[in-house]
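Okay, here's what each chain looks like letter by letter:
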Protein chains: 2
Amino acid sequence: MQRINYQTLFVELERVLLNRGFAKDKAKACAEIFTNNSRDGVYSHGLNRFPVFVNYIDDGFINIDAQPTLVNSFGVIEQWDGNLGPGVLNAQFCMQRAIELAKKNGMGCVALKNTNHWMRGGAYGWQAAEANCIGINFTNTIGIMPPWGSDVATIGNNPLIIAVPHKNGHIVLDMAMAQFSYGKLQEYELKGNELPFYGGYDTEGNLTKNPKSIRETKRPLPAGMWKGSGLAIMLDLLASILSGGKTTAAITESGKEKNISQVYICLDMNLYPNAGNIADEILTYTKQHKQGVRYPGEQTLKVREENMLQGIPVDETMWRKVKSL
Amino acid sequence: MQRINYQTLFVELERVLLNRGFAKDKAKACAEIFTNNSRDGVYSHGLNRFPVFVNYIDDGFINIDAQPTLVNSFGVIEQWDGNLGPGVLNAQFCMQRAIELAKKNGMGCVALKNTNHWMRGGAYGWQAAEANCIGINFTNTIGIMPPWGSDVATIGNNPLIIAVPHKNGHIVLDMAMAQFSYGKLQEYELKGNELPFYGGYDTEGNLTKNPKSIRETKRPLPAGMWKGSGLAIMLDLLASILSGGKTTAAITESGKEKNISQVYICLDMNLYPNAGNIADEILTYTKQHKQGVRYPGEQTLKVREENMLQGIPVDETMWRKVKSL
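Within each chain, residue numbers correspond to sequence positions counted from 1 in written order. Working convention: letters from A go to chains and numbers from 1 go to ligands, in the order in which they are written. Local features in this predicted model are restricted to residues whose pLDDT is 70 or higher, and side-chain atom pairs enter the listing and the counts only when it is 80 or higher, whereas totals over whole chains, interfaces and linings include all residues. Heavy atoms throughout the structure, all of them, feed into the side-chain values; hydrogens and water do not.

Q: Can you walk me through the pattern of salt bridges in this structure?
A: Side-chain pairs of opposite charge can arise whenever the charged atoms involved come near each other. Any carboxyl oxygen of Asp or Glu that lies within 4 Å of a side-chain nitrogen of Lys or Arg is treated as forming a salt bridge with it. Across all of its chains, the model carries 34 salt bridges over all chains by this definition. Of the charged contacts in the structure, one is a salt bridge between Lys287(A) and Glu298(A), with a shortest N-O distance of 2.9 Å. Separated by eleven residues along the polypeptide, Lys287(A) in helix H10 (residues 275-287) and Glu298(A) in helix H11 (residues 298-310) bring together distant segments of the chain. Only protein chains enter the calculation, and the probe is 1.4 Å; a residue is then buried if its accessible area is under 20% of its type maximum, exposed if over 50%, and partly exposed in between. Classification of Lys287(A) as partly exposed rests on a relative accessible area of 23%. With a shortest N-O distance of 3.8 Å, Lys302(B) and Glu298(B) are connected by a salt bridge. With Lys302(B) and Glu298(B) both in helix H11 (residues 298-310) and four residues apart, this pair spans about one turn of that helix. When its relative accessible area of 14% is taken as the criterion, Glu298(B) is described as buried. Residues joined in a network through salt bridges with shared partners are Arg39(A), Asp40(A), Arg120(A) and Arg304(A). Counting from the N terminus, the helices are the DSSP runs of H or I reaching at least four residues and the strands are the DSSP runs of E reaching at least two.

Q: Would you take a moment to explain the relation of the copies chain A and chain B for this structure?
A: The operation linking the two copies of the chain is a rotation about an axis combined with a translation along the axis. The two copies are related by a screw motion: chain A maps onto chain B through a turn of 180° and a shift of 0.0 Å along the axis, at an RMSD of 0.0 Å. The superposition of one copy onto the other is thereby described by a two-fold rotation axis. When C-alpha positions in chain A are compared against the rotation axis, the closest is assigned to Gly224(A), at 1.9 Å. Here, residues are in contact when the closest pair of their heavy atoms is within 4.5 Å. Both copies share a contact surface, since 100% of the interface residues of chain A are interface residues in chain B too. We place the copies in one frame by least squares, fitting the C-alpha atoms of every residue whose pLDDT is at least 70 in both.

Q: Is there a simple way to explain the environment of Phe138(A) in this structure?
A: Residue and element names in this part refer to chain A. Looking at the secondary structure, you find Phe138 in strand E5 (residues 133-139). Taking the C-alpha atoms as reference points, Phe138 and Ile162, separated by 24 residues in sequence, lie 8.9 Å from one another. What Phe138 contacts, discounting residues up to four positions off in sequence, is Trp118, Pro159, Leu160, Leu235, Leu238, Ala239, Ser261, Gln262 and Val263.

Q: Please explain the sheet that holds strand E8 (residues 160-164) of chain B as it appears in this structure.
A: The strands making up a sheet associate through backbone hydrogen bonding, with each pair oriented either parallel or antiparallel. All names here are of chain B. In this scheme, strands are said to pair when DSSP sees at least two bridges between them. The strand order across the open sheet built from seven strands is E2-E3-E4-E12-E5-E8-E9, with neighbouring strands paired in mixed fashion. Pairing within the sheet leaves two strands with one partner each, and these edge strands are strand E2 (69-74) and strand E9 (171-175). Going across the sheet, the axis of each strand differs from the next one's by a mean of 10°, ignoring polarity. Bridge count for strand E5 (residues 133-139) against E8 is four bridges, and the pairing is antiparallel. Its bridge partner being in E8, Asn137 is matched across the sheet by Ile161. With respect to the sheet, helix H4 (residues 87-105) is in contact with strand E3 (77-81), strand E4 (107-115), E5 and strand E12 (260-268), its orientation differing from that of E4 by roughly 160°. Packed on one face of the sheet, helix H8 (residues 226-243) meets E3, E4, E5, E8 and E12 and runs near 90° to E12. With axes taken as lines fitted to C-alpha atoms, and helix axes fitted only over the stretch in contact, angles between N-to-C directions fall between 0 and 180 degrees.

Q: Would you mind going over the side chain of Arg39(A) with me for this structure?
A: All names here are of chain A. Position of Arg39 relative to the elements: it lies in helix H2 (residues 24-39). Only 2.9 Å separates the side chain of Arg39 from the side chain of Asp40, close enough to count as a polar contact. When residues no more than four places from it in sequence are discounted, the contact partners of Arg39 are Tyr6, Val303, Arg304, Asn307, Met308 and Ile312. Contacts described as polar in this section are N or O atom pairs within 3.5 Å, which, within protein, must combine one atom able to donate a hydrogen with one able to accept it, while residues neighboring in sequence count only if both atoms come from side chains.

Q: What exactly am I supposed to notice about the packing of helix H2 (residues 24-39) of chain B against H4(B) here?
A: Between two packed helices, both the angle of their axes relative to each other and the distance between the axes serve to describe the pair. Residues and elements named next belong to chain B. Two elements in contact, H2 and H4, have axes whose closest approach is 9 Å; the angle formed by their N-to-C orientations is 90°. It follows that H2 is roughly perpendicular to H4 by the angle criterion. Taken together, the residues of H4 that come into contact with H2 (itself represented by Lys26, Ala29, Cys30, Ile33 and Phe34) are Val88, Leu89 and Gln92. Side-chain classes are defined by residue name, with Ala, Val, Leu, Ile, Met, Phe, Trp, Tyr, Cys and Pro counting as nonpolar, Asp, Glu, Lys and Arg as charged, and the others, Gly among them, as polar. Here the residues of the contact of H2 with H4 are counted per class, giving six nonpolar, one polar and one charged. Oblique is the label for any angle not covered by the other classes, which are roughly parallel (under 35 degrees), roughly antiparallel (over 145) and roughly perpendicular (65 to 115).

Q: Explain the environment of Tyr201(A) to me, please; I cannot follow it from the model alone.
A: All names here are of chain A. Within the fold, Tyr201 resides in strand E10 (residues 200-201). The spacing of Tyr201 and His170 is 31 residues in sequence and 36 Å in space, taken between C-alpha atoms. Every residue in contact with Tyr201, bar those within four places of it in the chain, is listed here: Trp148, Asn206, Leu207, Thr208, Ser213, Ile214, Thr217, Arg219 and Leu221.

Printed below as a string of structure tokens:
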């Protein structure tokens, strides 16, 4: 496995973006988010997704110069239009606004419409936690799985991120609504492995652990079946209503995952001086009986440290591809 | 199956509470919530749970005269102490406060410590929706399932409720973090049925559909496995930190499900004039391909109507028990 040091990867991604006409500060911020995602072990939304991001730019789906503009301000609540700018920059901007609202009012809610894919939602949870805020953010997506009881993919993967700052490493849940994402299915398929649990349906309509069958039927299972299905629907409702933006329905019908809707909520942790002890109590109690039990986000710091020391593992095909861009 | 009309059930529950020394208005409000839960088809947290509620009163775990008291007010955020009053009344009170904060500021967040079981969390989601607010509420509970990777029940069932007002029937998700609650397991067991999907582990550590085995091992599966496990941990963190109240750890160690912690968040729907159209678009698109697909809460109004017309189905043993209290 090839490993590349952080700076090398960052400079390469920045170079491509500058070539594509990005302003200097935007190229830097954007390259940083992609590099950080790989650094934290989320390769699928770091280097490996970067060529798709560049395609979207080349196809005109991402407006590299667009800035978010304020649509409405209701005190602790704001609505912004992403104007189809780079999703990662819009997301970072809106989480920053939610942080500012929370620092001022205790709490803030920013809803964003007409944005593009934010890559790894957890990045903005970490951003909130590093600003000493509880962060809750979610997005709708293009339809990727059937709602419970159906066999047509009309609901989104709609990731939900909840982040709680903690001195020993922030606690960050980053969960999408499918039990296994398409990226994960592909990973298992490429290795020739079965899934460890049922992940969807095959062409006969039976539950299967075969990742290829699930990709063929486009019937992955919602996490928790009817529960993840219901939660995906609610997150789409909240994201679309609060932002006044497009629904999974409209995004799916358009055929392209763009013009998506997102929500960013922050609470200022300075209001909760005893939070550290409470979090310690919960994590200690949860983890006490088995060594393998991990809290959400626990692995991130370990992977980050390893990748900063030893270099970030890169898929050689992807790395060559990016260098040729 | 015996059916009892709404008023008969309500009067009977109210009578028991008055006998136990409840003030008149509290007996009425409390009996109403329990009766409404049965009316809406949530029998497990209506009539069938009422005798347990009365036991808790008789054992001194519920202080029938206690009123919530304000601990801290940070503008749009408030912290309340439930003083171990009846959980259903504390919950109704705090959702009402969150509604008032939202009507005034667009958004409000009320956290509650030292409360008791709220029975059906969805009741307060409906309450928010009827006040034309988006409602998000959640609670921690006593430990009822192992976190992912463990075999000791150190995390709670921690229900999460998300409610969106809608003219054709509010959209209300009411989901606990276990794939099947203990109540559901018992229901299947009593009917001699297997679960439709794996619901937990047997004594050999294998996944099983046998409800009895799961109740014996106390190893129900989190909904979505690692995902529901992670979400349960985050909800406990949020509920305990925001309220400054007890964690699932402390509640579980105490051996009794009391002094629990809860959160109520509201957003004023008047800020979102296009919400109805957006919700219609999502629901229509989601349900279009199969007749059986339901949105969260869709069944509630149908069951409510049927039970108001034909009477509320009651378990005869429970009904006799309550009449003898």
